[in-house]
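# An overview of the molecular structure
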Amino acid sequence: MSEIVLQIDGRDVAVSAGTTVLQAAQQAGIRIPTLCHHEKLEPYGGCRLCMVEVEARGRTSYVVSCLYPVEQGLVVRTRSDKVDMIRRVILEELMAHAPDAPELVRLAREYGADRDRFEKEASFCVLCGLCVRYCAEVKGKHAVGFIDSGAAREIGFVPELAAKECWDCQECFALCPTSYAQAAYLLTEALAFPGRRKAHSRPA
Amino acid sequence: MPRLHSAVELEEFRAGILAARDPARPCIAVCGGAACGGLDSAAVAGAFAAEIGRQGLEARLDLKTTGCHGFCEKGPNVVVSPGDVCYFEVRPEDVPDVVACTLRGEVLDRLLWTCPDTGRKAVHMDEVPFYRHQTRILIGDNPRIDPTRIDDYLALGGYAALAKALFEMSPEQVLDEVKKAQLRGRGGGGFPAGSKWETTRNAPGDEKYVIVNGHEGEPGAFMDRALFTGNPHKVLEGLIIGAYAIGSHRGFVYTRHDSPQLIRHVRTALAQAEECGLLGEDILGSGFGFHVELHFDVGIFVSGESSALMRSIEGHPPEPRPKYIRTSVAGIRDQPSNLNNVETWANVPQIIGRGAAWYAGIGTERSKGTKLVSLSGNVVNGGVAEVPMGTPLRTLVYDIGGGVPSGKALKAVHFGGPMGGSIPASLLDAPLDFDELSRLGAPIGAGGMLVMDEDTDMVEVARYLLDFLTTESCGKCVPCREGMRQSLKILTNITQGRGKDGDLGRLDDLSTVTGLACLCALGRTSADPLKSMLRYFKDEYEGQIAGGGAAK
Ligand SMILES: Cc1cc2nc3c(=O)[nH]c(=O)nc-3n(C[C@H](O)[C@H](O)[C@H](O)COP(=O)(O)O)c2cc1C
Ligand code: SF4
Ligand code: FES
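The model shown is predicted, which means the values in this text are computed figures rather than measured ones.

The subject of this paragraph is the site of ligand 2. As a matter of local geometry, ligand 2 sits amid P320, S473, C474, G475, K476, C477, C480, C518, L519, C520, L522 and G523 of chain B. Classifying every residue of the shell around ligand 2 by side-chain character gives 8 nonpolar, 3 polar and 1 charged.

Shown next as structure tokens:
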């Protein structure tokens, strides 16, 4: 595969074509915050935290690094006033739902986000879709999915599938940035197939 | 209907249609457009048919039901030709009098347009102010066409531009003509159609597709439907010419699932064009083949967005895709796919027929041709208007629209629906121009123009538009879903008198981030109305926050 040289935060980075900007940055040891990204899953581009500033053909734009393909001579800035502002507001938006999620708390400190900026609606889920996509893409089970669209979007376990598939898996719990996946599962379990609690505690 | 094998056969067929028509015989055209239809113009058409039958006038009077005439406010509309005598608010009881007058070569005074100030009457279409200030090169044929009859379109010169393109021009020349005409997309973005066509034409691919975007999801916009339902062949002819220029043999019409009349007319038009050899294999014996499939939206707004629309045609849910690869290069099934709006396609036949120089002579330096505008809101004459680009908004509101009802003052006009913006009355001399209105923060969008009077609460307008979009966001990405959720909460609080310090800063941050960070254009433009409010009506927002709601 042909090699592509781009510049990230002032450093030349050489990667193969087809790499995303996020992967290129990771290879160069430059950290970009992500929430909905996972190596085992198709890039999703939902949380928009990984947004960076790119300059190509004389134009500056803001793109999500987890999806944006590298190109020859691309200039990438992983931090700038605008990038930081985008991340700060996104964190503030997410903390209206999950004010205590550890990763959000850590990033909020880094970007100066105020967890109380927006009216709370503690749903705990940030809709990163990791559980949904992991179940579909890695496990091929579709036991948990998105319900509804827009601001009404939620995740939910399909009781019939969950009763069958989730018992011996529960792998998505560890991916969830807020532990909502587990809570949603337990709720489904309690409502749809009560009395079948697992004796031992959840996998770490 | 005969299958036509050459341009000559097309012209012979057209000559036959014209020869069978007596231009002096009166024709009564009853508008069957959406608004008039809603006022039961079908009963009016039925009454005409009955009266003609009762008096045995079939040989002396023609009758047709047509698409939207434009002046929806005053429907049911009836136009009698020759002379284009306009009757408004026609009821079935009026029919015998209209027939009697028409037979005598007279005009029925009581159904004419009457000037509300002077009481003066207007007889002919070009005397009615609503029409007089327009340039109706796209929609002007509507009152002459029964959309279910290809004959009517052919009688007006239809498909001559297609024959010209196929037999007198190379695909490159057609492309060149569209580029020279500087045609820009009418679906919202104002993107140059010629360069988009060229991208698809030059992109590598086994197959290339051309698509009509007839979704028209913008609330308050109804001109695409008026044009497509009323004159489907015009759009189709444009599409076929575009396919020829781009090198596409397969096209799609993507349109509303909830408009049975539109679907019926487009279906009929496709079948008739195919039967005449204007569509399908070896069009007019030129060797060029092109097939069209009809697809329907799933009733959500975002399905009008290009990548979502193409997902939908592929049979997937219409979720937008990030646009790092353009659909003109990799669209439907990853093949180069050129999407244009209904009105964009409808401009193509006249560009080819009359030439780019003629077309580029209409409009402003960078916005050419005419634009259809749906006039609604606090305006006396609501309806579909067509004006040259560059027309001052004042002409639309006052000369065509008849001004604001009940003598109220104008406060603002809003373009582009939930992804557009509002500008204050003080900017009413701004021209209808893609770039100029974008600069002012009220991009033309698809052409829905909402007129607002002095009583309008601008916080409520932003809240209302956002409320519409909130249910239309797919919810995948954070700045769209959460930006709308939080903005809507803040706006709702303000309108209910619960605004607080810092709300404007919060709205500012939310709309900035939404504009920069969303995945698709729905999200990215969702905060545009709000941005225009903070630009022009900030005082009103501050006032409501300080004063605990709208001062009533
Ligand atoms: C959310 C959203 C909805 C849209 N809806 C429509 C629509 O209903 N009709 C339309 O022609 N374009 C619509 N567009 C614009 C299309 O994406 C596309 O730009 C257009 O159809 C291209 O045609 P044009 O270049 O002829 O304007 C929409 C865009 C967005 C982001
Ligand atoms: S911007 Fe809105 S509609 Fe577009 S992908 Fe994101 S959530 Fe969906
Ligand atoms: S990690 Fe790129 S959008 Fe979430």
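Next comes the rest of the account.
Residues and elements named next belong to chain B. The full set close to ligand 1 counts 19 residues, and G187, N213, N340, N341 and T344 are the nearest of them. In the environment of ligand 1, an oxygen atom lies 2.9 Å from a nitrogen or oxygen atom belonging to the side chain of K196. With respect to ligand 1, the backbone of S306 contributes an N or O atom lying 3.0 Å from an oxygen atom. Burial of ligand 1 by the protein amounts to 89% of the accessible area it has alone, namely 610 Å². Among the elements of the structure, β10 (337-341) and α21 (521-526) are those that each provide at least two residues to the shell around ligand 1. The element contributing the most residues to the shell around ligand 1 is β10, with 3 residues.

Residue and element names in this part refer to chain B. Between G75 and the following residue, P76, the backbone shows a cis peptide bond with an omega angle of -10°. Topologically, P76 is positioned in the loop between β2 (62-66) and β3 (78-81). Cis peptide bonds are those with omega within 30 degrees of zero, and the linkage from S81 to P82 qualifies with -5°. With respect to the helices, strands and loops of the structure, P82 is situated in the loop between β3 and β4 (85-87). In this model, D282 sits at a positive phi of 50°, which is unusual for a non-glycine residue. Note that D282 resides in the loop between α12 (260-275) and β9 (291-296).

Residues and elements named next belong to chain B. Two elements in contact, helix α7 (residues 160-168) and helix α11 (residues 232-246), have axes separated by 9 Å at closest approach and are oriented at 10°. It follows that α7 is roughly parallel to α11 by the angle criterion. Residues A160, A161, L162, A165 and L166 of α7 pack against E237, I240, I241 and Y244 of α11.

All right, on to the pattern of salt bridges then. A side chain with one charge can pair with a side chain of the opposite charge if their charged atoms come near. All names here are of chain B. Enumeration over the complete set of coordinates arrives at 51 salt bridges over all chains. Between E11 and R14 there is a salt bridge, and its shortest N-O distance comes to 3.0 Å. On the criterion of helical spacing, the pair formed by E11 and R14 is a turn pair, its members being 3 residues apart in helix α1 (residues 7-19). R201 is the salt-bridge partner of E172, the closest N and O atoms lying 2.8 Å from each other. Note that E172 is positioned in helix α8 (residues 171-181) and R201 in helix α9 (residues 193-202), a separation of 29 residues in sequence. Residue R201 is classed as partly exposed on the basis of its relative accessible area of 22%.

Moving on to the domain arrangement of chain B. By domain assignment, chain B separates into domain 1 (21-125), domain 2 (158-360), domain 3 (370-453) and domain 4 (458-547). Taking only C-alpha atoms, the centre of domain 1 of chain B and the centre of domain 2 of chain B are 34 Å apart.

Right, let's get into the interface of chain A and chain B. Taken together, the 33 residues of chain A in the interface contact 30 residues of chain B. Summing both partners gives a buried area of about 2700 Å² for chain A against chain B, and 57% of it is carried by carbon and sulfur. For the interface between chain A and chain B, the tally reads 4 salt bridges. Put simply, E121 of chain A and K489 of chain B hold a salt bridge, and the shortest N to O gap is 2.7 Å. Seen at the junction of chain A and chain B, the total is 18 residue pairs in polar contact (both at pLDDT 80 or more). Where the side of chain A that touches chain B is concerned, the elements lending two or more residues are β4 (59-64) and α2 (81-95) of chain A. The element contributing the most residues to the side of chain A that touches chain B is α2 of chain A, with 8 residues. The class makeup of the residues in the side of chain A that touches chain B is 19 nonpolar, 5 polar and 9 charged.

Scanning the model with the defined rule gives 14 aromatic pairs over all chains in all. With a centroid separation of 4.3 Å and 10° between ring planes, the pair formed by F71 of chain B and F130 of chain B is classed as stacked. One end of the pair, F71 of chain B, is in the loop between β2 and β3; the other, F130 of chain B, is in helix α5 (residues 129-132), and 59 residues separate them in sequence. By relative accessible area, which is 0% here, F71 of chain B ends up buried. Residue classification places F130 of chain B among the buried positions, given a relative accessible area of 1%. Considering the side-chain rings of Y244 of chain B and F288 of chain B, the 5.4 Å spacing of their centres and the 80° angle between planes classify their relative orientation as edge-to-face. Taken together, the residues Y244 of chain B in helix α11 and F288 of chain B in the loop between α12 and β9 connect sequence positions 44 residues apart. There is no split in this pair, since Y244 of chain B and F288 of chain B are both buried. Taking NZ or CZ as reference, R153 of chain A lies 4.1 Å from the ring centre of F146 of chain A, over its face. When the ring centre of Y44 of chain A is taken as reference, the NZ or CZ atom of K476 of chain B above it lies at 4.5 Å.

Residue and element names in this part refer to chain B. Secondary-structure assignment places E218 in the loop between β7 (209-214) and α10 (223-230). As a buried residue without a salt bridge, E218 has its nearest oppositely charged side chain in K371, at a separation of 8.4 Å. Within the local environment of E218, its side chain forms a polar contact with the backbone nitrogen of A446, the two atoms lying 3.3 Å apart. Not counting chain neighbours up to four residues away, the residues in contact with E218 comprise F301, G416, G417, P418, G445, A446, G447 and G448.

Quick look at the domain arrangement of chain A now. Residues and elements named next belong to chain A. Looking at chain A, the domain boundaries give domain 1 (1-77), domain 2 (80-122) and domain 3 (130-197). Counting from both sides, the interface comprises 13 residues of domain 1 and, opposite them, 13 residues of domain 2. A buried area of about 1000 Å², summed over both sides, lies between domain 1 and domain 2, and 66% of it is on carbon and sulfur atoms. Summed over the shared surface of domain 1 and domain 2, the number is 1 salt bridge. For the salt bridge of R31 with E110, the shortest nitrogen-to-oxygen distance reads 3.1 Å. Seen at the junction of domain 1 and domain 2, the total is 4 residue pairs in polar contact (both at pLDDT 80 or more). Looking at side-chain class alone, the side of domain 1 that touches domain 2 contains 9 nonpolar, no polar and 4 charged residues.

The end-to-end C-alpha separation of helix α20 (residues 503-517) of chain B is 21 Å, in line with the 21 Å expected for 15 residues at 1.5 Å each. Taking burial as the measure, the 15 residues of α20 of chain B include 11 buried ones, the bulk of the element. The set of residues buried in α20 of chain B consists of D503, L504, R506, L507, D509, L510, S511, V513, T514, G515 and A517 of chain B. The elements touched by buried residues of α20 of chain B are β3 (51-56) and α2 of chain A together with α19 (478-495), α21, α22 (528-536) and α23 (538-547) of chain B.

Conventions we followed
- Residues numbered from 1 in each chain as written.
- Chains lettered and ligands numbered in written order.
- Predicted model: local features only at pLDDT ≥ 70, side-chain atom pairs only at ≥ 80, totals over all residues.
- Heavy atoms only, no water.
- Near = heavy atom within 4 Å.
- Nonpolar A, V, L, I, M, F, W, Y, C, P; charged D, E, K, R; others polar.
- Polar contact = N/O pair within 3.5 Å; in protein donor to acceptor, adjacent residues only side chain to side chain.
- Areas by Shrake-Rupley, 256 points an atom, 1.4 Å probe, with all protein chains shown as cover.
- Helix = DSSP H or I, 4+ residues; strand = E, 2+ residues; numbered from the N terminus.
- Axes fitted to C-alpha atoms, helices over the stretch in contact; angles between N-to-C directions.
- Parallel < 35°, antiparallel > 145°, perpendicular 65-115°, else oblique.
- Contact = heavy atoms within 4.5 Å.
- Salt bridge = Lys/Arg side-chain N within 4 Å of Asp/Glu carboxyl O.
- Buried < 20%, exposed > 50% of the residue type's maximum accessible area, 1.4 Å probe, protein only.
- Domains from an automatic or database assignment.
- Buried area = accessible area lost by both parts, 1.4 Å probe.
- Phe/Tyr/Trp six-rings, centres within 6.5 Å; stacked < 30°, edge-to-face > 60°.
- Lys NZ or Arg CZ within 6 Å of the ring centre and 35° of its normal.
- Lys, Arg positive; Asp, Glu negative; His and termini not counted.
- Expected span 1.5 Å × (residues − 1).

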